[in-house]
Protein chains: 2
Amino acid sequence: MEGRIDRIKKQLHSASYKLTPQREATVRVLLEHEEDHLSAEDVYLLVKDKSPEIGLATVYRTLELLTELKVVDKINFGDGVSRYDLRQEGAAHFHHHLVCIECGAVDEIQDDLLGDVEKVVEKDWNFKIKDHRLTFHGICWRCQEKDSDESSE
Amino acid sequence: MEGRIDRIKKQLHSASYKLTPQREATVRVLLEHEEDHLSAEDVYLLVKDKSPEIGLATVYRTLELLTELKVVDKINFGDGVSRYDLRQEGAAHFHHHLVCIECGAVDEIQDDLLGDVEKVVEKDWNFKIKDHRLTFHGICWRCQEKDSDESSE
DNA sequence: GTGGCTGCAAATGATTTGCAGCTCT
DNA sequence: AGAGCTGCAAATCATTTGCAGCCAC
(Lines give C-alpha, C1' and ligand atoms only; values in the text may rest on other atoms or scores of the structure.)
Protein backbone atom coordinates (compact mmCIF):
# COMPACT_ATOMS: atom_id res chain seq x y z
CA MET A 1 0.00 0.00 0.00
CA GLU A 2 2.86 2.38 0.79
CA GLY A 3 4.29 1.59 -2.59
CA ARG A 4 1.08 2.52 -4.22
CA ILE A 5 0.94 5.81 -2.38
CA ASP A 6 4.49 6.51 -3.49
CA ARG A 7 3.59 5.93 -7.08
CA ILE A 8 0.58 8.19 -6.82
CA LYS A 9 2.81 10.79 -5.21
CA LYS A 10 5.15 10.60 -8.18
CA GLN A 11 2.23 10.96 -10.56
CA LEU A 12 1.15 14.08 -8.72
CA HIS A 13 4.66 15.51 -8.76
CA SER A 14 5.14 14.89 -12.42
CA ALA A 15 2.01 16.96 -13.01
CA SER A 16 3.33 19.62 -10.57
CA TYR A 17 0.95 18.83 -7.75
CA LYS A 18 1.82 18.04 -4.16
CA LEU A 19 0.75 15.13 -2.02
CA THR A 20 -0.52 17.19 0.90
CA PRO A 21 -1.67 15.52 4.13
CA GLN A 22 -5.30 16.01 3.08
CA ARG A 23 -4.68 14.45 -0.30
CA GLU A 24 -2.81 11.58 1.24
CA ALA A 25 -5.61 10.94 3.73
CA THR A 26 -8.09 10.90 0.87
CA VAL A 27 -6.01 8.51 -1.19
CA ARG A 28 -5.60 6.21 1.81
CA VAL A 29 -9.34 6.02 2.24
CA LEU A 30 -9.70 5.12 -1.41
CA LEU A 31 -7.08 2.39 -1.11
CA GLU A 32 -8.69 0.99 2.03
CA HIS A 33 -12.05 0.83 0.30
CA GLU A 34 -10.93 -0.35 -3.07
CA GLU A 35 -13.85 -2.76 -3.38
CA ASP A 36 -16.45 -0.11 -2.70
CA HIS A 37 -17.87 2.58 -4.87
CA LEU A 38 -17.78 5.59 -2.64
CA SER A 39 -19.44 8.90 -3.29
CA ALA A 40 -17.64 12.14 -2.47
CA GLU A 41 -19.72 12.39 0.68
CA ASP A 42 -18.79 8.83 1.67
CA VAL A 43 -15.11 9.59 1.19
CA TYR A 44 -15.47 12.82 3.14
CA LEU A 45 -17.01 11.06 6.14
CA LEU A 46 -14.33 8.37 6.13
CA VAL A 47 -11.50 10.86 5.82
CA LYS A 48 -13.04 12.94 8.58
CA ASP A 49 -12.62 10.02 11.01
CA LYS A 50 -8.88 10.26 10.62
CA SER A 51 -8.48 13.95 9.85
CA PRO A 52 -11.43 15.78 11.36
CA GLU A 53 -10.39 19.21 10.11
CA ILE A 54 -10.70 18.36 6.44
CA GLY A 55 -13.34 20.15 4.40
CA LEU A 56 -15.77 18.62 1.93
CA ALA A 57 -14.59 20.99 -0.79
CA THR A 58 -11.05 19.69 -0.43
CA VAL A 59 -12.27 16.14 -0.90
CA TYR A 60 -14.11 17.19 -4.05
CA ARG A 61 -11.03 18.99 -5.29
CA THR A 62 -8.82 15.99 -4.57
CA LEU A 63 -11.18 13.56 -6.27
CA GLU A 64 -11.33 15.82 -9.30
CA LEU A 65 -7.55 15.93 -9.38
CA LEU A 66 -7.25 12.16 -9.10
CA THR A 67 -9.78 11.75 -11.88
CA GLU A 68 -7.78 14.06 -14.08
CA LEU A 69 -4.64 12.01 -13.41
CA LYS A 70 -6.60 8.83 -14.11
CA VAL A 71 -5.85 7.44 -10.66
CA VAL A 72 -9.57 7.06 -10.13
CA ASP A 73 -12.54 6.91 -12.45
CA LYS A 74 -15.66 8.90 -11.84
CA ILE A 75 -18.72 6.77 -12.41
CA ASN A 76 -22.40 7.22 -12.21
CA PHE A 77 -24.93 4.49 -11.64
CA GLY A 78 -28.00 6.63 -12.18
CA ASP A 79 -28.70 7.67 -8.63
CA GLY A 80 -27.91 11.35 -8.24
CA VAL A 81 -24.30 10.99 -7.08
CA SER A 82 -20.91 10.47 -8.67
CA ARG A 83 -18.83 7.63 -7.34
CA TYR A 84 -15.10 7.21 -7.48
CA ASP A 85 -13.38 3.99 -8.30
CA LEU A 86 -9.63 3.32 -8.15
CA ARG A 87 -8.14 2.16 -11.41
CA GLN A 88 -6.18 -1.04 -11.34
CA GLU A 89 -2.57 -0.08 -11.68
CA GLY A 90 -1.53 -0.28 -15.27
CA ALA A 91 -4.99 -1.22 -16.52
CA ALA A 92 -5.46 -0.09 -20.08
CA HIS A 93 -9.19 0.08 -19.69
CA PHE A 94 -11.74 0.67 -17.06
CA HIS A 95 -13.28 -2.39 -15.48
CA HIS A 96 -16.96 -3.24 -15.70
CA HIS A 97 -19.74 -3.29 -13.13
CA LEU A 98 -22.64 -5.50 -12.16
CA VAL A 99 -25.33 -3.53 -10.39
CA CYS A 100 -27.99 -5.56 -8.59
CA ILE A 101 -31.44 -4.06 -9.00
CA GLU A 102 -32.68 -5.87 -5.90
CA CYS A 103 -30.07 -5.19 -3.24
CA GLY A 104 -28.07 -2.41 -4.87
CA ALA A 105 -24.75 -4.26 -4.57
CA VAL A 106 -22.11 -3.35 -7.11
CA ASP A 107 -19.62 -6.03 -8.15
CA GLU A 108 -16.66 -5.52 -10.40
CA ILE A 109 -15.44 -7.44 -13.39
CA GLN A 110 -11.75 -6.88 -13.98
CA ASP A 111 -11.51 -9.00 -17.12
CA ASP A 112 -11.55 -7.10 -20.34
CA LEU A 113 -14.60 -8.51 -22.06
CA LEU A 114 -14.76 -5.93 -24.80
CA GLY A 115 -11.72 -6.69 -26.93
CA ASP A 116 -13.68 -8.10 -29.83
CA VAL A 117 -16.50 -5.61 -29.51
CA GLU A 118 -14.03 -2.75 -29.60
CA LYS A 119 -12.45 -4.03 -32.77
CA VAL A 120 -15.86 -4.04 -34.42
CA VAL A 121 -16.68 -0.55 -33.23
CA GLU A 122 -13.34 0.88 -34.35
CA LYS A 123 -13.66 -0.69 -37.74
CA ASP A 124 -17.37 -0.48 -38.55
CA TRP A 125 -18.08 2.88 -36.94
CA ASN A 126 -14.67 4.35 -37.57
CA PHE A 127 -14.46 5.47 -33.97
CA LYS A 128 -11.14 5.71 -32.14
CA ILE A 129 -11.86 4.31 -28.68
CA LYS A 130 -10.09 5.85 -25.70
CA ASP A 131 -12.16 4.46 -22.87
CA HIS A 132 -15.43 2.74 -22.13
CA ARG A 133 -18.12 2.30 -19.54
CA LEU A 134 -19.97 -0.99 -19.29
CA THR A 135 -22.51 -1.70 -16.59
CA PHE A 136 -24.95 -4.57 -16.38
CA HIS A 137 -28.13 -4.23 -14.39
CA GLY A 138 -29.74 -7.38 -13.09
CA ILE A 139 -29.89 -9.82 -10.20
CA CYS A 140 -26.69 -10.73 -8.37
CA TRP A 141 -25.94 -14.30 -7.30
CA ARG A 142 -26.71 -13.51 -3.66
CA CYS A 143 -30.21 -12.29 -4.44
CA GLN A 144 -30.83 -15.23 -6.78
CA GLU A 145 -30.04 -17.60 -3.92
CA LYS A 146 -32.09 -15.58 -1.47
CA ASP A 147 -35.05 -15.50 -3.88
CA SER A 148 -35.02 -19.23 -4.47
CA ASP A 149 -34.74 -19.87 -0.70
CA GLU A 150 -37.79 -17.75 -0.09
CA SER A 151 -39.89 -19.34 -2.78
CA SER A 152 -39.11 -22.82 -1.48
CA GLU A 153 -40.06 -21.99 2.12
CA MET B 1 -45.66 8.59 -35.53
CA GLU B 2 -49.34 8.68 -34.66
CA GLY B 3 -49.20 4.93 -34.23
CA ARG B 4 -46.35 5.25 -31.85
CA ILE B 5 -48.18 7.82 -29.79
CA ASP B 6 -51.18 5.52 -29.69
CA ARG B 7 -49.08 2.68 -28.42
CA ILE B 8 -47.52 4.85 -25.74
CA LYS B 9 -51.02 6.00 -24.81
CA LYS B 10 -52.04 2.37 -24.35
CA GLN B 11 -48.98 1.74 -22.21
CA LEU B 12 -49.90 4.66 -20.00
CA HIS B 13 -53.50 3.50 -19.72
CA SER B 14 -52.56 -0.02 -18.81
CA ALA B 15 -50.58 1.43 -15.91
CA SER B 16 -53.56 3.71 -15.05
CA TYR B 17 -52.06 6.93 -16.27
CA LYS B 18 -53.54 9.38 -18.73
CA LEU B 19 -52.03 10.85 -21.85
CA THR B 20 -52.71 14.48 -20.98
CA PRO B 21 -52.01 17.27 -23.48
CA GLN B 22 -48.79 18.11 -21.63
CA ARG B 23 -47.62 14.52 -21.70
CA GLU B 24 -48.50 14.19 -25.35
CA ALA B 25 -46.58 17.36 -26.19
CA THR B 26 -43.57 16.01 -24.33
CA VAL B 27 -43.73 12.65 -26.08
CA ARG B 28 -44.01 14.37 -29.47
CA VAL B 29 -40.86 16.34 -28.78
CA LEU B 30 -39.06 13.14 -27.91
CA LEU B 31 -40.25 11.46 -31.10
CA GLU B 32 -39.24 14.45 -33.21
CA HIS B 33 -35.77 14.40 -31.70
CA GLU B 34 -35.20 10.69 -31.59
CA GLU B 35 -31.59 11.05 -32.71
CA ASP B 36 -30.70 13.51 -30.00
CA HIS B 37 -29.96 13.04 -26.35
CA LEU B 38 -31.98 15.76 -24.77
CA SER B 39 -31.75 16.88 -21.18
CA ALA B 40 -34.91 17.70 -19.23
CA GLU B 41 -34.20 21.38 -19.80
CA ASP B 42 -33.78 20.79 -23.55
CA VAL B 43 -37.10 18.98 -23.67
CA TYR B 44 -38.73 21.72 -21.65
CA LEU B 45 -37.59 24.45 -24.03
CA LEU B 46 -38.75 22.51 -27.07
CA VAL B 47 -42.13 21.69 -25.56
CA LYS B 48 -42.53 25.31 -24.55
CA ASP B 49 -42.38 26.36 -28.22
CA LYS B 50 -45.57 24.45 -28.88
CA SER B 51 -47.24 24.66 -25.47
CA PRO B 52 -45.93 27.77 -23.71
CA GLU B 53 -47.92 27.19 -20.52
CA ILE B 54 -46.15 23.99 -19.61
CA GLY B 55 -44.01 23.94 -16.46
CA LEU B 56 -40.56 22.48 -16.06
CA ALA B 57 -41.74 20.31 -13.18
CA THR B 58 -44.32 18.69 -15.41
CA VAL B 59 -41.66 17.82 -17.93
CA TYR B 60 -39.57 16.25 -15.19
CA ARG B 61 -42.57 14.33 -13.93
CA THR B 62 -43.43 13.13 -17.42
CA LEU B 63 -39.88 12.03 -18.14
CA GLU B 64 -39.78 10.15 -14.87
CA LEU B 65 -43.05 8.46 -15.76
CA LEU B 66 -41.81 7.49 -19.20
CA THR B 67 -38.63 6.12 -17.68
CA GLU B 68 -40.64 4.00 -15.29
CA LEU B 69 -42.67 2.63 -18.21
CA LYS B 70 -39.46 2.00 -20.13
CA VAL B 71 -40.55 4.21 -22.98
CA VAL B 72 -37.36 6.18 -22.53
CA ASP B 73 -34.05 5.47 -20.87
CA LYS B 74 -32.42 7.93 -18.56
CA ILE B 75 -28.74 8.18 -19.30
CA ASN B 76 -25.84 10.09 -17.97
CA PHE B 77 -22.68 10.89 -19.87
CA GLY B 78 -20.80 12.36 -16.94
CA ASP B 79 -21.69 16.00 -17.40
CA GLY B 80 -24.04 17.05 -14.63
CA VAL B 81 -27.32 16.35 -16.44
CA SER B 82 -29.53 13.38 -17.12
CA ARG B 83 -30.51 12.79 -20.69
CA TYR B 84 -33.48 10.92 -22.02
CA ASP B 85 -33.36 8.56 -24.92
CA LEU B 86 -36.33 6.87 -26.60
CA ARG B 87 -36.14 3.11 -26.63
CA GLN B 88 -36.48 1.41 -29.96
CA GLU B 89 -39.88 -0.21 -30.00
CA GLY B 90 -39.60 -3.82 -29.00
CA ALA B 91 -35.87 -3.61 -28.33
CA ALA B 92 -34.85 -6.15 -25.73
CA HIS B 93 -31.87 -4.11 -24.71
CA PHE B 94 -30.72 -0.59 -24.59
CA HIS B 95 -28.59 0.58 -27.48
CA HIS B 96 -25.01 1.76 -27.10
CA HIS B 97 -23.38 5.16 -27.38
CA LEU B 98 -20.25 6.65 -28.85
CA VAL B 99 -19.32 9.87 -27.11
CA CYS B 100 -16.72 12.02 -28.83
CA ILE B 101 -14.30 13.57 -26.36
CA GLU B 102 -13.38 16.28 -28.85
CA CYS B 103 -16.67 17.62 -30.13
CA GLY B 104 -19.09 16.09 -27.66
CA ALA B 105 -21.22 14.41 -30.33
CA VAL B 106 -23.12 11.33 -29.27
CA ASP B 107 -23.79 8.65 -31.86
CA GLU B 108 -25.87 5.56 -31.34
CA ILE B 109 -25.20 1.95 -32.10
CA GLN B 110 -28.41 -0.01 -32.43
CA ASP B 111 -26.77 -3.38 -33.06
CA ASP B 112 -26.59 -5.63 -30.07
CA LEU B 113 -22.87 -6.14 -29.69
CA LEU B 114 -23.03 -7.74 -26.30
CA GLY B 115 -24.68 -11.09 -26.95
CA ASP B 116 -21.54 -13.14 -26.39
CA VAL B 117 -20.30 -11.00 -23.54
CA GLU B 118 -23.63 -11.36 -21.76
CA LYS B 119 -23.50 -15.12 -22.03
CA VAL B 120 -20.10 -15.08 -20.34
CA VAL B 121 -21.27 -12.75 -17.58
CA GLU B 122 -24.41 -14.75 -16.87
CA LYS B 123 -22.45 -17.98 -16.71
CA ASP B 124 -19.15 -17.01 -15.11
CA TRP B 125 -20.48 -14.42 -12.66
CA ASN B 126 -23.84 -16.04 -12.15
CA PHE B 127 -25.54 -12.71 -12.76
CA LYS B 128 -29.02 -12.51 -14.28
CA ILE B 129 -28.79 -9.60 -16.71
CA LYS B 130 -31.84 -7.39 -17.15
CA ASP B 131 -30.31 -4.43 -18.92
CA HIS B 132 -27.00 -2.82 -19.72
CA ARG B 133 -25.27 0.44 -20.40
CA LEU B 134 -22.35 0.57 -22.79
CA THR B 135 -20.67 3.80 -23.77
CA PHE B 136 -17.42 4.28 -25.62
CA HIS B 137 -15.45 7.46 -25.23
CA GLY B 138 -13.11 8.41 -28.02
CA ILE B 139 -12.77 10.32 -31.27
CA CYS B 140 -15.63 10.25 -33.77
CA TRP B 141 -15.06 9.87 -37.49
CA ARG B 142 -15.82 13.54 -38.09
CA CYS B 143 -13.13 14.74 -35.70
CA GLN B 144 -10.64 12.21 -37.08
CA GLU B 145 -11.13 13.69 -40.55
CA LYS B 146 -10.99 17.22 -39.23
CA ASP B 147 -7.80 16.48 -37.28
CA SER B 148 -6.00 14.96 -40.26
CA ASP B 149 -7.09 17.89 -42.46
CA GLU B 150 -5.59 20.31 -40.01
CA SER B 151 -2.32 18.48 -39.63
CA SER B 152 -1.84 18.34 -43.42
CA GLU B 153 -2.46 22.04 -43.94
C1' DG C 1 7.21 36.35 0.07
C1' DT C 2 4.93 33.91 -3.33
C1' DG C 3 2.17 30.25 -5.19
C1' DG C 4 -0.20 26.26 -4.07
C1' DC C 5 -3.50 24.49 -1.04
C1' DT C 6 -6.99 24.70 2.49
C1' DG C 7 -11.48 25.47 5.15
C1' DC C 8 -15.47 27.84 5.36
C1' DA C 9 -19.49 29.90 3.68
C1' DA C 10 -21.99 31.32 -0.05
C1' DA C 11 -23.35 30.43 -4.81
C1' DT C 12 -24.87 27.50 -8.37
C1' DG C 13 -27.50 24.25 -11.00
C1' DA C 14 -30.26 20.19 -11.54
C1' DT C 15 -34.04 18.02 -9.73
C1' DT C 16 -37.92 17.43 -6.39
C1' DT C 17 -41.72 18.70 -3.63
C1' DG C 18 -45.78 21.21 -1.37
C1' DC C 19 -49.75 23.05 -2.44
C1' DA C 20 -53.74 25.28 -4.27
C1' DG C 21 -56.29 25.20 -8.40
C1' DC C 22 -57.94 22.87 -12.58
C1' DT C 23 -60.17 19.13 -15.37
C1' DC C 24 -62.72 15.42 -16.48
C1' DT C 25 -66.02 12.28 -14.92
C1' DA D 1 -67.08 15.89 -5.07
C1' DG D 2 -62.92 13.09 -6.09
C1' DA D 3 -58.81 11.55 -8.28
C1' DG D 4 -55.32 12.65 -11.24
C1' DC D 5 -52.65 16.18 -13.07
C1' DT D 6 -50.77 20.81 -13.44
C1' DG D 7 -48.04 25.29 -12.73
C1' DC D 8 -45.62 27.89 -9.63
C1' DA D 9 -42.54 28.80 -6.03
C1' DA D 10 -39.91 27.10 -2.53
C1' DA D 11 -36.99 23.43 -0.97
C1' DT D 12 -33.40 20.10 -1.49
C1' DC D 13 -29.18 18.01 -2.74
C1' DA D 14 -24.74 17.47 -5.03
C1' DT D 15 -21.15 20.06 -6.51
C1' DT D 16 -18.45 24.40 -7.33
C1' DT D 17 -16.50 28.77 -6.28
C1' DG D 18 -14.72 33.10 -3.88
C1' DC D 19 -11.82 34.39 -0.64
C1' DA D 20 -8.86 35.12 3.28
C1' DG D 21 -5.47 32.64 5.73
C1' DC D 22 -1.76 29.17 5.97
C1' DC D 23 2.34 26.55 4.76
C1' DA D 24 6.42 25.08 2.45
C1' DC D 25 10.13 26.12 -0.29
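Cut-off values and rules
Residues numbered from 1 in each chain as written. Chains lettered and ligands numbered in written order. Predicted model: local features only at pLDDT ≥ 70, side-chain atom pairs only at ≥ 80, totals over all residues. Heavy atoms only, no water. Pairing = 2+ DSSP bridges. Helix = DSSP H or I, 4+ residues; strand = E, 2+ residues; numbered from the N terminus. Buried < 20%, exposed > 50% of the residue type's maximum accessible area, 1.4 Å probe, protein only. Arc of directions from axis to C-beta. Contact = heavy atoms within 4.5 Å. Least-squares fit on C-alpha atoms with pLDDT ≥ 70 in both. 1 Å grid on protein atoms, 1.4 Å probe; cavity = no way out; pocket = protein on both sides within 12 Å on 5 of 7 lines; lining within 4 Å. Points joined across faces, edges and corners; volume = space filled by probe spheres on them. Nonpolar A, V, L, I, M, F, W, Y, C, P; charged D, E, K, R; others polar. Domains from an automatic or database assignment. Buried area = accessible area lost by both parts, 1.4 Å probe. Salt bridge = Lys/Arg side-chain N within 4 Å of Asp/Glu carboxyl O. Polar contact = N/O pair within 3.5 Å; in protein donor to acceptor, adjacent residues only side chain to side chain.

**Re the sheet that holds strand β3 (residues 82-86) of chain B**
Whenever strands of a sheet pair, they do so through backbone hydrogen bonds, lying parallel or antiparallel. Residues and elements named next belong to chain B. Spatial ordering of the open sheet is given by β1-β3-β2, a layout of 3 strands whose pairing is antiparallel. Edge strands, defined here as strands with exactly one partner in the open sheet, are β1 (38-39) and β2 (72-76). Summarising the sheet, β2 and β3 pair through 5 bridges and their orientation is antiparallel. Within the sheet, the bridge partner assigned to Ile 75 lies in β3 and is Arg 83.

**Focus: helix α3 (residues 40-50) of chain A**
Residues and elements named next belong to chain A. Those residues of α3 lying buried are Ala 40, Val 43, Tyr 44 and Val 47. Buried residues along α3 cover an arc of 100 degrees about the axis, so they all sit on one side. Buried residues along α3 sit against α2 (21-32), β1 (38-39), α4 (56-68) and β3 (82-86).

**Considerations on the relation of the copies chain B and chain A**
Between the two chain copies there is a screw-like relation: a rotation about an axis and a shift along it. For the match of chain B to chain A, the screw axis carries a shift of 0.0 Å, the RMSD comes to 0.1 Å, and the turn is 179 degrees. Both copies are brought into coincidence by an operation consistent with a two-fold rotation axis. The C-alpha atom lying nearest the rotation axis in chain B is that of B:Leu134; the distance is 2.3 Å. Mapped onto chain A, 100% of the interface residues of chain B are again interface residues, and the two copies thus contact each other with one and the same surface.

**Some points on empty space enclosed by the protein**
Taken as a whole and judged by the stated rule, the model has 2 cavities of 30 Å³ or more. Each pocket or cavity is described by its volume, and for the largest cavity that value is around 40 Å³. Lining the largest cavity, in full, are A:Leu30, A:His33, A:Glu34, A:Asp36, A:Leu38, A:Tyr84, A:Asp85 and A:Leu86. The leading source of residues in the lining of the largest cavity is β3(A), at 3 residues. For the lining of the largest cavity, the class distribution of residues is 4 nonpolar, 1 polar and 3 charged. Put simply, the second largest cavity is a space of about 30 Å³. A total of 3 residues in the lining of the second largest cavity trace back to one element, the largest contributor, which is β3(B). Broken down by class, the residue content of the lining of the second largest cavity amounts to 4 nonpolar, 1 polar and 3 charged.

**As for the domain arrangement of chain A**
Residue and element names in this part refer to chain A. Domain annotation of chain A identifies domain 1 (1-90) and domain 2 (92-152). Put simply, the middle of domain 1 and the middle of domain 2, counted by C-alpha atoms, are 24 Å apart. Each side of the interface is counted separately: domain 1 has 12 residues, and domain 2 has 11 residues. At the boundary of domain 1 with domain 2, total buried surface from both sides reaches about 880 Å², with 49% on carbon and sulfur atoms. It is His 37, Phe 77 and Arg 87 in domain 1 that bury the most area against domain 2; as a group they hold 47% of the surface buried on that side. Remark: the boundary between domain 1 and domain 2 carries 2 salt bridges. Of the charged contacts, one joins Asp 131 and Arg 87 as a salt bridge, the two residues approaching to 3.2 Å between their closest N and O atoms. Connecting domain 1 to domain 2 are 7 residue pairs in polar contact (both at pLDDT 80 or more). When residues of the side of domain 1 that touches domain 2 are traced back to their parent elements, those giving at least two are β2 (72-76) and β3. Of the residues forming the side of domain 1 that touches domain 2, the biggest block, 3 residues, is contributed by β2. Classifying every residue of the side of domain 1 that touches domain 2 gives 3 nonpolar, 3 polar and 6 charged.

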